[in-house]
Structures are given as C-alpha cells and as structure tokens.
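Here are the chains, one letter per residue:
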Amino acid sequence: MHDLKWIREQPEAFDRALARRGLAGASSALLALDRQNRQAQTELQELQARRNEASREIGQLKKDGGDAESLMAEVQAIKERMAALETETGRLDETLKQQLAGFPNILADDVPDGPDETANVELRAWGEKPAFGFQPKEHWELGEALGLFDFEAAARLSGSRFVVMKGGIARLHRALGQFMIDLHTRENGYLEVAPPLLVRDHVLFGTGQLPKFAEDQFRTTDDFWLIPTAEVPLTNLAAGQIFKAEELPLRVTALTPCFRSEAGSAGRDTRGMLRQHQFEKVELVSIVHPDESEAEQQRMTGCAEAVLQKLGLPYRVMVLSSGDTGFGARRTFDIEVWLPGQGAYREISSCSTCGDFQARRMGGRFRPEGEKGTRFLHTLNGSGVAVGRALIAVMENYQQADGTIVVPEALRPYLAGQEIIGG
C-alpha cells in the first residue's frame, strides 16, 4: 500500500517508480480521484457546520415564537445532500483503496533495471561445484531408481505436481526441515512459531497476495485460504499492533507446508518435484525499525546462506532486477543452488525487504522512543530455505555412480548416524 500524501507531493516520483516496473504512470488519475474525494469531504464538513448552525437558529426562533419553516426545509435539504455525499465519499474511499492496493512496492534505488531475470546481477558465489566421473542424474531419476519417489501414486491421489516420498528420502526430507529450524532458532536468534495454515482474506491482503494474486492461491469452500508461505501468518503477527521501540526487532521462523496453485507455470518444471502444489519451507520473517531494515536484509540473507554452507551445497546470490522483483518487495536477493543434474543454478531462497508496504496494508506500527505519535514498521521475509528444493540439491550434489546418495554430515545426527541413502 502506498502513502497517498507522498503521491500528492511527488507524483512524478511515483510515476517514475511505476515505469521501472514496466507500468504506465498513474498519478494523474489517482490524484483526480483524490481531489474529487477531498472536495466531497470538504462540502460534507461545510454542510454539517451549516446544519448545526441552522438547528440552533431554529431552536432560537421557536423559543421566540418565530416562523422556522424555511430553516427546517433547509435543514432537511442539507440532510439529504449529506446522505448522498456520505455515500459518495464512501465509494471514492473504497475506489482509492482498491486502486492503491493494486500498485507494486517502490523499488530501492540500487535495484538494477531490466525487463526480467536476464538482468539479475550476481553478487557472490560460494562453494565448489562437484566433479563427477559419470553423468550426474536429475533428482527424479535418482529417486525413482531407488524406488523412493512415486509420482504415479501421487497423480492417482491428487493429480500433477505432487509426489509421494518413501523410506530414506522421506526421512532425509524430514531431517532437512528439522536441521533448518534448529539452526535458525539455536544459532540465528529466531523465535519458532507454529502458525495456522488456513487464513482469512484480510491476512493475505496484508502481505500483498490479495487481491492481485488470488488465482495463485487455494481457497476452501468456507472462505479460508491455504497459506502459500508462512510469511503470510508470521508477518501478520504485527497486524493492527503497536510495538514499543525496545521490542524490535522481532524475528520469527516457522517450518510449514505451503500450498500454491502455480497458475502461471503451465509447462514449466513438469518433471520431478521442483515446482509443486504442496511443499515444505522454513520461513524467516523480521519486523524491524525502519532504520534497521537495510542491515536486516543482509543479515537474513546470511542466515539462509548458512544453511547451504553447512550442507556443503554450492550456490550464488543474485540481486533481482526491476522486472523480476516481486509485487511487495523493495529489493530481493535470490539464493540459487547448483543442481548438477540440470547443470544449472536454481532459486532456493528469496530474501526481500518490503519497507513499510506491508505494514501500511496491515496497520502495523511502533512508537519511537521520546515521540508521541507512531510510525509504520518495516517488514522482511525470506526462505530459510525451501525444504523440497534443498532435498533436490542434496540428492544431485551428493549422488554416487551407483545411484545412492551420501548424507551430508550436518544431517547425520537427524538420521541416527546414517551415511548413505539407498544401496
């Protein structure tokens, strides 16, 4: 959500910000609607003052025995006009709110301009890509050969973009999630939360998934939504709240199932489990003072990187271009893990700073020390990391010539010391 006062003061800056997203300028139409609304509100206030004044005059005339019929007719006309104006201002307020809610966040100045992912910029890379004495396989080939992936059974149960995991791979998947949540709570200072997986409309609106991305979500018949990411309930812990400055930062994490319709991904990543309707992810959310949000994004990205470093998985960090940055983000750092089977880096975590964009939608505030008023919080979110994609990366990077998979040392305590999957 955007600050309408800022748009009034800097309409050209707002239009430039939209242009960086590939969108047409919208300040003129917005401000015309805003002027119409403010004029109606001004007239409403003037009429209310005149009604009150006329009512006093009527009372005095009646007290003095005078004729108050003309004034009473005027008051009646005023009431009718006020009723119409109240309806009009309510309509204009809602129209403004809907239009403002449809515009993406203002990008940070240092986000590289570009049309799509081809303009993303690599910031750093970590780790050595494994050298194999054989042709590395993709994860789905490995899993099916071991008899531990069953995509046919999943299709019979649920359709495409689901998987049934069995035995050692199911345990490895579970171990990855436990390892990540333990790392973030024990070493990175995050508070573990077990949030609801079903939420109402206003919760998805608060983080920016509604109304624009309704088709990407799963909705129940009684108007709940399945969460697409734990970012949604975790960030909304700040909704409607006023924090004390000393309570910040609030850092929370959750390991949850996530549900996405993948409405725009037809034909993409149809083999394997890279893009699923149901998956697990460890989410990181920070609620911070505005002065701390830039540093917090770097910190959060480092926490996600630590997962891959401890697992020994090569990766690179990219800053997304203006054309690839998500709707609610000011800036996003993507972490892309190396997948030998694909011979490519693939995204495994996105760490975004949202500024006050989500806080305005949610009504999340804090009270600065020594100040009477309140200010909007800043929110950040990141994957710490996607469990299914981490499983893919472990399988492909730790595969052996006979099709078995070496268990990374960091995960062995979660698997009772097991060193090999398969065989």
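Residues numbered from 1 in each chain as written. Predicted model: local features only at pLDDT ≥ 70, side-chain atom pairs only at ≥ 80, totals over all residues. Heavy atoms only, no water.

### A few points about the packing of aromatic side chains
Here's step 1: Within this structure, the stated rule accounts for nine aromatic pairs.
Here's step 2: Seen from their ring centres, Phe132 and Phe134 are 5.1 Å apart, and the 55° between their planes marks the pair as tilted.
Here's step 3: In this structure Phe134 comes out as partly exposed when scored by relative accessible area, which is 26%.
Here's step 4: Their ring planes at 65° and their centres at 5.1 Å tell us that Trp338 and Tyr345 sit as a pair that is edge-to-face.
Here's step 5: The exposure class assigned to Trp338 is buried, which follows from its relative accessible area of 13%.
Here's step 6: Here the aromatic residues Trp6, Phe14 and Phe103 are joined through ring pairs into a cluster of three or more.
Here's step 7: Sitting over the ring of Trp338, Lys129 keeps its end group 4.0 Å from the ring centre.
Here's step 8: The ring of Phe376 carries Arg365 above its face, with NZ or CZ at 4.0 Å from the centroid. (Phe/Tyr/Trp six-rings, centres within 6.5 Å; stacked < 30°, edge-to-face > 60°. Buried < 20%, exposed > 50% of the residue type's maximum accessible area, 1.4 Å probe, protein only. Lys NZ or Arg CZ within 6 Å of the ring centre and 35° of its normal.)

### Quick word on the packing of helix 3 (residues 27–64) against helix 4 (residues 69–101)
Here's step 1: Here helix 3 crosses helix 4 at 155°, and the two axes come no closer than 8 Å. Of the possible angle classes, the one that applies to helix 3 and helix 4 is roughly antiparallel. In the packing of helix 3 onto helix 4, the handedness of the crossing is left-handed.
Here's step 2: Taken together, the residues that form the contact of helix 3 with helix 4 break down as 17 nonpolar, eight polar and 13 charged. (Axes fitted to C-alpha atoms, helices over the stretch in contact; angles between N-to-C directions. Helix = DSSP H or I, 4+ residues; strand = E, 2+ residues; numbered from the N terminus. Parallel < 35°, antiparallel > 145°, perpendicular 65-115°, else oblique. Left-handed = near helix turned anticlockwise from the far one by under 90°. Nonpolar A, V, L, I, M, F, W, Y, C, P; charged D, E, K, R; others polar.)

### Quick notes on the pattern of salt bridges
Here's step 1: Scanning the entire structure with this criterion turns up 26 salt bridges.
Here's step 2: Residues Glu296 and Arg251 are paired through a salt bridge, measuring 2.8 Å at the closest nitrogen-oxygen approach. Pair noted here: Glu296 is in helix 10 (residues 293–311) and Arg251 is in strand 9 (residues 250–259), with a separation of 45 residues, a long-range link.
Here's step 3: In this structure, Glu336 and Arg316 form a salt bridge, with 2.7 Å as the shortest nitrogen-oxygen distance. Placement of Glu336 in strand 12 (residues 331–339) and of Arg316 in strand 11 (residues 315–319) is noted, with a sequence separation of 20 residues between them.
Here's step 4: For Glu336, a relative accessible area of 10% puts it in the buried group.
Here's step 5: Through salt bridges with shared partners, a single ionic network connects Arg50, Glu53, Glu57 and Glu74. (Salt bridge = Lys/Arg side-chain N within 4 Å of Asp/Glu carboxyl O.)

### Digging into the state of the cysteines
When the sulfur atoms of two cysteines share a covalent bond, that bond is a disulfide.
Here's step 1: Applying the stated criterion across every chain yields a total of zero disulfides.
Here's step 2: Unpaired in this structure, Cys354 has its nearest cysteine sulfur neighbour in Cys351, at a distance of 11 Å. (Disulfide = S-S within 2.5 Å.)

### What to know about the nonpolar core
Generally speaking, a soluble globular protein has its nonpolar side chains buried in company with each other.
Here's step 1: Core analysis: the largest hydrophobic core is formed by 51 residues, its most contacted members being Leu176, Met180 and Leu308.
Here's step 2: With eight residues, the single largest contributor to this core is helix 7 (residues 167–186).
Here's step 3: With residues up to four places along the chain from it excluded, the contact list for Leu308 reads Trp126, Leu313, Tyr315, Ile335, Val337, Ile348 and Val385.
Here's step 4: By size, the runner-up hydrophobic cluster in this structure holds 22 residues, among which are Leu4, Leu30, Leu33 and Val232. (Core = buried A, V, L, I, M, F, W, Y, C linked by side-chain atoms within 4.5 Å. Contact = heavy atoms within 4.5 Å.)

### As for the layout of surface pockets
Here's step 1: If you add up the space inside the second largest pocket, you get close to 470 Å³.
Here's step 2: Mapped onto the lining of the second largest pocket, the elements with two or more residues apiece are helix 2 (11–20), helix 10 and helix 11 (357–362).
Here's step 3: With three residues, the single largest contributor to the lining of the second largest pocket is helix 2.
Here's step 4: Mapped onto the domain boundaries, the lining of the second largest pocket takes at least three residues apiece from domain 1 (4–102) and domain 2 (117–421). (1 Å grid on protein atoms, 1.4 Å probe; cavity = no way out; pocket = protein on both sides within 12 Å on 5 of 7 lines; lining within 4 Å. Points joined across faces, edges and corners; volume = space filled by probe spheres on them. Domains from an automatic or database assignment.)

### Looking at the environment of Gln135
Here's step 1: Structurally, the position occupied by Gln135 is in the loop between strand 1 (121–126) and helix 5 (139–145).
Here's step 2: Note on Gln135: relative accessible area 64%, which makes it exposed.
Here's step 3: Taking the C-alpha atoms as reference, Gln135 lies 8.1 Å from Gly341; in sequence the two are 206 residues apart.

### What to know about unusual backbone geometry
Here's step 1: Put simply, Leu248 and Pro249 share a cis peptide bond, and its omega is 0°.
Here's step 2: Within the element layout of this structure, Pro249 appears in the loop between strand 8 (242–244) and strand 9.
Here's step 3: That bond from Gly384 to Val385 is cis: its omega, 10°, falls within 30 degrees of zero.
Here's step 4: With a phi close to 65°, Arg161 is a non-glycine residue in the positive phi region.
Here's step 5: Position of Arg161 among the secondary structure elements: in the loop between helix 6 (151–158) and strand 3 (164–165).
Here's step 6: Positive phi, close to 70°, is recorded for Asp223, a residue that is not glycine.
Here's step 7: Its location among the elements puts Asp223 in the loop between strand 6 (218–219) and strand 7 (225–226).

### Focus: the UniProt feature "coiled-coil region" (unreviewed entry) in the protein
Here's step 1: When the UniProt feature table is mapped onto this chain, "coiled-coil region" (unreviewed entry) is found at residues 30–88.
Here's step 2: Note that residues 30–88 is 93% helix and 0% strand, and that its end C-alpha atoms are spaced 16 Å apart. (UniProt positions renumbered as here; feature names shortened; annotations may be inferred.)

### Remarks on the domain arrangement of the protein
Here's step 1: Domains assigned within the protein are domain 1 (4–102) and domain 2 (117–421).
Here's step 2: Each of domain 1 and domain 2 has a C-alpha centre, and the two are 45 Å apart.
Here's step 3: On the domain 2 side, the residues contacting the five residues of domain 1 number eight residues.
Here's step 4: Summing the contributions of domain 1 and of domain 2, the shared interface buries around 530 Å²; its carbon and sulfur component is 45%.
Here's step 5: When the area that domain 1 buries against domain 2 is broken down by residue, the three leading residues are Arg20, Arg21 and Ala101, summing to 77%.
Here's step 6: Put simply, domain 1 and domain 2 have zero salt bridges between them.
Here's step 7: At the junction of domain 1 and domain 2, the tally comes to five residue pairs in polar contact (both at pLDDT 80 or more).
Here's step 8: Considered class by class, the residues forming the side of domain 1 that touches domain 2 number one nonpolar, one polar and three charged. (Buried area = accessible area lost by both parts, 1.4 Å probe. Polar contact = N/O pair within 3.5 Å; in protein donor to acceptor, adjacent residues only side chain to side chain.)

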